[in-house]
Amino acid sequence: MFNSNKMITFVADMKKKDQTPKTREQIFAEKADNYGICYSAICPLREHCLHSLLTSYKPQDRLYTDCVNLNNPKMQREGCPLFAKDEPVRMPIGLSTVYYDMPGRMERAIKNHLIHVYSRKRYYEYHNGTRPMTPDVERYVRQTLKAYGWTQAPQFAGYVEEFLW
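Conventions used here
- Residues numbered from 1 in each chain as written.
- Predicted model: local features only at pLDDT ≥ 70, side-chain atom pairs only at ≥ 80, totals over all residues.
- Heavy atoms only, no water.
- Helix = DSSP H or I, 4+ residues; strand = E, 2+ residues; numbered from the N terminus.
- Buried < 20%, exposed > 50% of the residue type's maximum accessible area, 1.4 Å probe, protein only.
- Axes fitted to C-alpha atoms, helices over the stretch in contact; angles between N-to-C directions.
- Parallel < 35°, antiparallel > 145°, perpendicular 65-115°, else oblique.
- Left-handed = near helix turned anticlockwise from the far one by under 90°.
- Contact = heavy atoms within 4.5 Å.
- Nonpolar A, V, L, I, M, F, W, Y, C, P; charged D, E, K, R; others polar.

Visitor: Even after reading the chapter, I still don't get the environment of Y140, so can you show me in this structure?
Guide: Residue position: Y140 is located in helix α6 (residues 135–147). By relative accessible area, Y140 is classed as partly exposed at 27%. Considering only alpha carbons, one finds Y140 and V117, 23 residues apart in sequence, at a separation of 10.0 Å.

In structure tokens, the structure reads:
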């Protein structure tokens, strides 16, 4: 018997999104609408901070915007806590290949520990590669592997370069 629902999902799967990488301007235009903006003219970090660079990408028709509180004494200084570098960061994706050569007992212990730390949902996003691991997460995974006695360098499924929003 012919199942039309399967055929529709098969056709939908065949129509993939455009796989061309987005330009820096396209990424900034998408993110500017929901990202805190910094309108400081005196901040020494403004030339290389995403919060400052996105001011020109904010939609002109908005009456209100989310912005950084410039009255906070920590802002507009060299050690600004909201500083976000304007360069993409190389982040690993996919934890599944890390476990290939590992004994099962060690694999289960590490997996359970990471699930406890990051939650089941977040762990499997890292595991399947749907969410890249930030440098802090990557550092923690490496430390966990070492703490559980794994001496080899982890082999992640791949790497991606993205901005740290």
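Now that the structure has been shown, we can carry on.
Visitor: What's the story with the packing of helix α4 (residues 104–118) against helix α5 (residues 120–128) in this structure? I'm lost.
Guide: Packed helix pairs are specified by the crossing angle of their axes together with the interaxial distance, meaning the distance between the axes. At a minimum axis distance of 7 Å, the contact between α4 and α5 shows a crossing angle of 120°. Of the possible angle classes, the one that applies to α4 and α5 is oblique. Crossing hand, α4 versus α5: right-handed. Taken together, the residues of α5 that come into contact with α4 (itself represented by K111, L114, I115 and Y118) are R120, R122, Y123, Y124 and Y126. Counted by class, the contact of α4 with α5 contains six nonpolar, no polar and three charged residues.

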